[in-house]
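These are the residues of each chain, in order.
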Amino acid sequence: MSTTTSPINASLERVWRAIRAQHPDVPDAVIVLGTAAYTERGGSYVGHWAPARWDLAGERRPEVLLAGELLSDLREVLHTLLHEAAHGLAHARGIKDTSREGRYHNRRYRKLAEELGLEVL
């Protein structure tokens, strides 16, 4: 049985719409699948928020990338989408939510993530 990204992306888009229904300040975004990225210090990340990445019919739209490696763990998929939604909230509200050139989340990010139901350690 072969799997295409179309049904997967449709499901991810439904989850994003459900997040936005509960938190209307979260911007609409283009959801894309990719691979985990690795940093110079050996860390990795499995998602990202990129404002104004896409141009759709003259309208700039943000991108939410989700690493395909997560697809076997639905809890991690939801966690990552909520994590990126918190960055979306920060962007929509004009809040700087990271420090050191985006390497670290700050207290403002923590507050937004908690607003979305995430527990930030």
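What you see is a predicted model, and the numbers here were worked out from it, not measured in a lab.

*Asks:* Looking at this structure, how should I read the pairing of strand β5 (residues 59-67)?
*Replies:* By the criterion of burial, β5 is predominantly enclosed, with seven of the nine residues buried. Here strand β1 (residues 30-34) runs beside β5; their pairing, made up of five bridges, is parallel. Among the inter-strand pairings, Leu33 is bridged to a residue of β5, identified as Leu66. Where strand β4 (residues 47-56) meets β5, seven bridges bridge the pair, whose relative direction is antiparallel. In the sheet register, Ala50 faces β5, and the bridge partner there is Glu63.

*Asks:* How should helix α3 (residues 107-115) be read in this particular structure?
*Replies:* Think of an α-helix as 3.6 residues a turn; residues three or four steps apart then line up on the same face. Residues Tyr109, Leu112 and Ala113 constitute the buried set of α3. End-on, the buried residues of α3 take up no more than an arc of 100°, which puts them together on one face. When the buried face of α3 is taken as reference, the exposed residues oriented beyond 90 degrees from it are Arg107 and Lys111. In this fold, the buried residues of α3 make contact with α2 (74-93) and β7 (104-105). Regarding α3, its N-cap is Asn106, as a side-chain oxygen of that residue lies 2.9 Å from the backbone nitrogen of Arg108 further along. Of the residues flanking the end of α3, it is Gly117, one or two places downstream, whose phi is positive at about 100°.

The rules behind the values
- Counting starts from 1 at the beginning of each chain's written sequence and moves along it residue by residue.
- Under the rules for a predicted model, residues below a pLDDT of 70 receive no local features and side-chain atom pairs below 80 are neither given nor counted, while totals for whole chains, interfaces and linings still include all residues.
- As a rule here, side-chain values cover all heavy atoms of the structure and leave hydrogens and water aside.
- Only protein chains enter the accessibility calculation, which uses a 1.4 Å probe; a residue whose area is less than 20% of its type maximum is buried, one above 50% is exposed, and one in between is partly exposed.
- Secondary structure is summarised from DSSP: a helix means a run of H or I of at least four residues, a strand means a run of E of at least two, and numbering begins at the N terminus for each.
- Following DSSP output, two strands are said to pair if at least two bridges run between them.
- Of all possible arcs, the one meant is that of the directions from the helix axis to the C-beta atoms.
- Contacts were defined at the residue level, with two residues in contact if any of their heavy atoms lie within 4.5 Å.
- We define a polar contact as two N or O atoms separated by no more than 3.5 Å, with the added condition that, inside protein, one atom must be a possible hydrogen donor and the other a possible acceptor, whereas residues neighbouring each other in sequence contribute only through side-chain atom pairs.

Scope: geometric values only; no functional claims are made or implied.
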